[in-house]
Amino acid sequence: MKEAARDRYDVVVIGGGIGGLTCAALLARAGRAVLLVEDHERPGGFARNLTEAGYDFDLGLHVVMSLGREGPFGQGLLHAVLEHLGVEGQLEPVALDPFYAVQLDDERVVLPGAREAHLDAFAKLSPSDAPGIAELFSIYDQSYREILAVPISLGLRDLLGMPIKTPLLFAKRKATLARLLDAHIRDPRVRRVHTALWPYIGLPPSRMGFIPFGAMMASYVGEGAYYCGAGFQALADALANGVTRHGGEVILGTKVAKIGVRDRSVTGVMLESGQQVEASFVISAGDARETFKQLIDAEAVPKRYRRRLERQTPSMSACLLHLGTDLDVASMLAAQITMVTPYSSEQSYARSVQGSVGAVSVTVPTLTDPARAPEGEHTVVVSAAVPIECGERPAWDARKVTGEMLAMAEKALPGLSSRITFVPGGGPAKEPRLRYLGPIYGWALPPNQAAAYRLPHETPIHGLWLCGHWTQPAGGIWGVVASAIQTARLLLDCNKHAGLLPLAL
Ligand SMILES: Cc1cc2nc3c(=O)[nH]c(=O)nc-3n(C[C@H](O)[C@H](O)[C@H](O)COP(=O)(O)OP(=O)(O)OC[C@H]3O[C@@H](n4cnc5c(N)ncnc54)[C@H](O)[C@@H]3O)c2cc1C
């Protein structure tokens, strides 16, 4: 069993997803002795690649924000981190243009990545809604700008200054997306196309906060929607390299079995091997629920905090089909990401709550990087958001869901079911195998669980911190990178009352 090289570190980070990796690398770069422990043999968490027999799939992730060097909001957050760590040269970012396509009943709408062309596509769909959509995007821009400026730690003076410094966030902090859309879009078709990416936030417009969706759209259709050549494993590998090149240590393929706590303070961790590792700080970047149920003795967690954890709602999860195909996908799809949405976003969500598939996304990474499948073939990932972990638990039938997902994917790729050449882990029968990942974003993102309303980084156990998508400010890759910056700055006690950029660590 794998063991750490030393018995004492300043910081142990549990979990090598993008949140944990980023935080560990930032702390190592700031001179702390850091150990990162990751259960899986590859770093990345949901951002790993799934590689088998010459087929290379993205396990979960489709697209990321803020990987650009320079944009309308300044340097991209992710790019700034990679540059700070000196590993930005390890990636080949590809701006997706078109950004995505939406397959309605018999019609496909292709949405360009560049702002003007994106707005033009909506103007063609419904000229009367064009001004409303343009106005929406300028509100989205303002929300993203304000998010970047929010101080990492909100002291009393910061809170009092919010109505002046970040007026939109202050005024709309409890607003749902639906409320904003009602004031700007009349045509239901425009609304359906514009909100087709609702699974990227994991709630329908009537339930999601407008701020996460707005910031996401401002970045994607402003800074650019990015994919990584060779898949997102390249991002995880670059960050893992960011840890080790600054003197940190990464152990893959082993678990933290226990977090040591004495007198309400962490003492370190115990690895699966039984090795005891001392540390002044332990950062849990895995599932917060497991952290407090499995890694820490129940009596060490204050009752009030346990009750708070129980009140939080997890986000939706995802069902995925990873498939190889010899279909001529390049002649069939205009975009790497196609959202197949036979229903409105609200109806899609309602169907999934009842145990049926409401919408699927079909992504084909080999359209960007053909080397990720054998010649003449493509790797296709079909995914659907499902509320398996939500309160509204559906009657779950994997075979039925697989059939529905394939039938929906066929609207984008006719003939797919009969042209499957490979299924990872599937054996010779090439039977599509439903894979389940989740919750997609840690806690769900309704207005009362977003940003400062999310679980804080610091826990009631002194020296135990949270990072990643189970804590502030949000889920998704941008969210967990922001979370890592926040955790690192708070732990280092530096520039706490400044915004995310410059990194200033
Ligand atoms: C299907 C799917 C599609 C998605 N698509 C997108 C997208 O297109 N764009 C986007 O921005 N976001 C997307 N997301 C969300 C995004 O992937 C996540 O929000 C983000 O990757 C979470 O990162 P994290 O580091 O917080 O956690 P994770 O990626 O979950 O990493 C946590 C890691 O901790 C490890 N771990 C846990 N416990 C222990 C332990 N005791 N010891 C050692 N290791 C441990 C786990 O093995 C895991 O690797 C998607 C998510 C899913 C599931």
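Cut-offs used in this document
Residues numbered from 1 in each chain as written. Predicted model: local features only at pLDDT ≥ 70, side-chain atom pairs only at ≥ 80, totals over all residues. Heavy atoms only, no water. Helix = DSSP H or I, 4+ residues; strand = E, 2+ residues; numbered from the N terminus. Rg over C-alpha atoms; globule rule 2.2 N^0.38 Å. Lys, Arg positive; Asp, Glu negative; His and termini not counted. Charge placed at Lys NZ, Arg CZ, Asp CG, Glu CD. Near = heavy atom within 4 Å. Polar contact = N/O pair within 3.5 Å; in protein donor to acceptor, adjacent residues only side chain to side chain. Areas by Shrake-Rupley, 256 points an atom, 1.4 Å probe, with all protein chains shown as cover. Nonpolar A, V, L, I, M, F, W, Y, C, P; charged D, E, K, R; others polar. Domains from an automatic or database assignment. Phe/Tyr/Trp six-rings, centres within 6.5 Å; stacked < 30°, edge-to-face > 60°. Buried < 20%, exposed > 50% of the residue type's maximum accessible area, 1.4 Å probe, protein only. Lys NZ or Arg CZ within 6 Å of the ring centre and 35° of its normal. Pairing = 2+ DSSP bridges. Expected span 1.5 Å × (residues − 1).

Trainee: Would you explain the overall build of the protein chain in this entry?
Mentor: Within the protein chain, the secondary structure is distributed over 15 helices and 19 strands. Here the C-alpha radius of gyration of the protein chain, 22 Å, is about what a compact globule of 505 residues would show, namely 23 Å. Overall, the protein chain is about 65 × 60 × 45 Å in size when its C-alpha atoms are taken along their principal axes. Distance between charge centres in the protein chain, computed from 49 positive and 51 negative side chains, equals 7 Å.

Trainee: I keep staring at the site of the ligand and nothing clicks. Help me out?
Mentor: Around the ligand, 33 residues are found, and the nearest of them are Glu38, Val63, His469, Gly476 and Ile477. Between the ligand and the protein, one listed contact pairs a nitrogen atom with a backbone N or O atom of Asp39 at 3.1 Å. With respect to the ligand, the backbone of Ile440 contributes an N or O atom lying 3.4 Å from an oxygen atom. Protein chains shield 90% of the accessible area of the ligand, which is 1000 Å² for the free molecule. The set of elements that each furnish at least two residues to the shell around the ligand consists of helix 1 (18-29), strand 2 (34-38), strand 13 (317-325) and helix 15 (476-492). For the shell around the ligand, the per-class residue count stands at 16 nonpolar, 14 polar and 3 charged. Of the domains in this structure, domain 1 (8-90 + 229-312 + 443-492) and domain 3 (316-437) are the two that each give at least three residues to the shell around the ligand.

Trainee: Please explain the packing of aromatic side chains as it appears in this structure.
Mentor: Centre distance and the angle of the planes are the two values used to describe a pair of aromatic rings. Across all of its chains, the model carries 11 aromatic pairs by this definition. Each ring, one from Phe73 and one from Tyr144, has its centre 4.8 Å from the other, and the planes form 80 degrees; the classification is edge-to-face. With Phe73 in the loop between strand 4 (55-58) and helix 2 (77-85) and Tyr144 in helix 4 (residues 130-149), the pair connects residues that are 71 residues apart, well separated along the chain. Residue Phe73 is classed as buried on the basis of its relative accessible area, which comes to 12%. Classification of Tyr144 by relative accessible area gives buried; the value is 1%. With a centroid separation of 4.8 Å and 90 degrees between ring planes, the pair formed by Phe99 and Tyr100 is classed as edge-to-face. Of the two residues, Phe99 and Tyr100, both sit in the buried class. Pairwise contacts between aromatic rings join Phe73, Tyr144 and Trp478 into one cluster. Sitting over the ring of Tyr9, Arg6 keeps its end group 4.9 Å from the ring centre. Geometry around Phe170 places Arg173 over its ring, the cationic atom sitting 4.4 Å from the centre.

Trainee: I'm lost on the pairing of strand 15 (residues 360-363) in this one. Help?
Mentor: Every regular strand shows the same layout, with side chains that alternate between the two sheet faces. The alternating pattern of strand 15 places Val360 and Val362 and Ser361 and Thr363 on opposite faces, both of which are buried. In this sheet, strand 16 (residues 378-386) lies alongside strand 15 in antiparallel orientation, the contact comprising 3 bridges. Looking at the pairing, Thr363 lines up with Val381 of strand 16.

Trainee: For this particular structure, what's the right way to read helix 14 (residues 398-412)?
Mentor: Here helix 14 contains 15 residues, and its C-alpha end-to-end distance of 22 Å stays within 8% of the 21 Å for a straight helix at 1.5 Å per residue. Here helix 14 has its buried residues at Val401, Thr402, Glu404, Met405, Leu406, Met408, Ala409 and Ala412. Of the residues that open helix 14, the one with a side-chain oxygen 3.2 Å from the backbone nitrogen of Arg399 is Asp397.

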